[in-house]
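# Understanding the architecture of this molecule
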Amino acid sequence: MNPVVIYTDGACKGNPGPGGWGVYLRSGPVEKDLFGGEAQTTNNRMELTAVIEALRALKRPCRVLMYMDSEYVRKGITEWLPGWKARGWKTAAKQPVKNVDLWQALDTLVSTGGHDIDWRWVKGHSGDAGNERADALANRGVLLIT
């Protein structure tokens, strides 16, 4: 499998408000930047959208190092998702899962993409070059719609 390093980030000006998502992908010498935005959204939705768009950009199964500064996304995909699915997309408190449309899309991409994904958290705004680049891309996404 082709190794790929991916950094994702989301941004929101107001929460809710105009938001953007950014993705920085690197595979060997090849680098790719992706970004987009939505007029009325939340930071968590943009964090999830960034990961979804990153996985959609992969054209064949890859060995992925997926970096994000969102514990919501990392814990959601690595810890909470199986329980949500078992409870019919309800939380442990029997409340509907927030952003269920995006969680379901991400679940489908992960389960059908054939990727070997290592989900990693990185502290945001701490000087990590990949995270800083994804953050800048997410902010470019906000500018697309403001």
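For the structure itself, look to the data block above.
Quick look at the structure, then. The structure presented is a predicted model; accordingly, all values stated were derived computationally and were not measured. (Residues numbered from 1 in each chain as written. Predicted model: local features only at pLDDT ≥ 70, side-chain atom pairs only at ≥ 80, totals over all residues. Heavy atoms only, no water.)

### With respect to helix H3 (residues 100-112)
Its 13 residues give H3 an end-to-end C-alpha distance of 18 Å, which sits within 8% of 18 Å, the value for a rise of 1.5 Å per residue. Once H3 ends, the next one or two residues include Gly114, with phi positive near 75°. (Helix = DSSP H or I, 4+ residues; strand = E, 2+ residues; numbered from the N terminus. Expected span 1.5 Å × (residues − 1).)

### Considering the nonpolar core
Counting 30 residues, the largest nonpolar core has Ile6, Met66, Trp103, Leu106 and Trp119 as its most contacted members. Among the secondary structure elements, those contributing two or more residues to this core are strand S1 (2-12), strand S2 (17-27), helix H1 (43-57), strand S4 (62-68), helix H2 (71-86), H3 and strand S5 (116-121). Residue contributions to this core peak at 7 residues, all from H1. When near neighbours in sequence (up to four residues on either side) are disregarded, Ile6 contacts Val23, Tyr24, Leu25, Ala54, Leu58, Val64, Leu65, Met66 and Tyr67. One finds Val5, Tyr7, Tyr24 and Tyr67 within the second-largest nonpolar core, a separate group that totals 7 residues. (Core = buried A, V, L, I, M, F, W, Y, C linked by side-chain atoms within 4.5 Å. Buried < 20%, exposed > 50% of the residue type's maximum accessible area, 1.4 Å probe, protein only. Contact = heavy atoms within 4.5 Å.)

### Here's the deal with the packing of H1 against H3
Helix-helix packing is described using two parameters, namely the angle between the two axes and the distance between the axes. Remark: H1 packs on H3, axes separated minimally by 10 Å, with the N-to-C direction vectors making an angle of 25°. Of the possible angle classes, the one that applies to H1 and H3 is roughly parallel. Where H1 crosses over H3, the two elements pack in a sense that is left-handed. Taking contact as the criterion, the partners of Arg45, Leu48, Thr49, Val51, Ile52, Leu55 and Arg56 in H1 are, on H3, Asp101, Leu102, Trp103, Ala105, Leu106, Leu109 and Val110. A class-by-class count of the residues in the contact of H1 with H3 yields 10 nonpolar, 1 polar and 3 charged. (Axes fitted to C-alpha atoms, helices over the stretch in contact; angles between N-to-C directions. Parallel < 35°, antiparallel > 145°, perpendicular 65-115°, else oblique. Left-handed = near helix turned anticlockwise from the far one by under 90°. Nonpolar A, V, L, I, M, F, W, Y, C, P; charged D, E, K, R; others polar.)

Everything listed is a geometric property; what it means functionally is a separate question.
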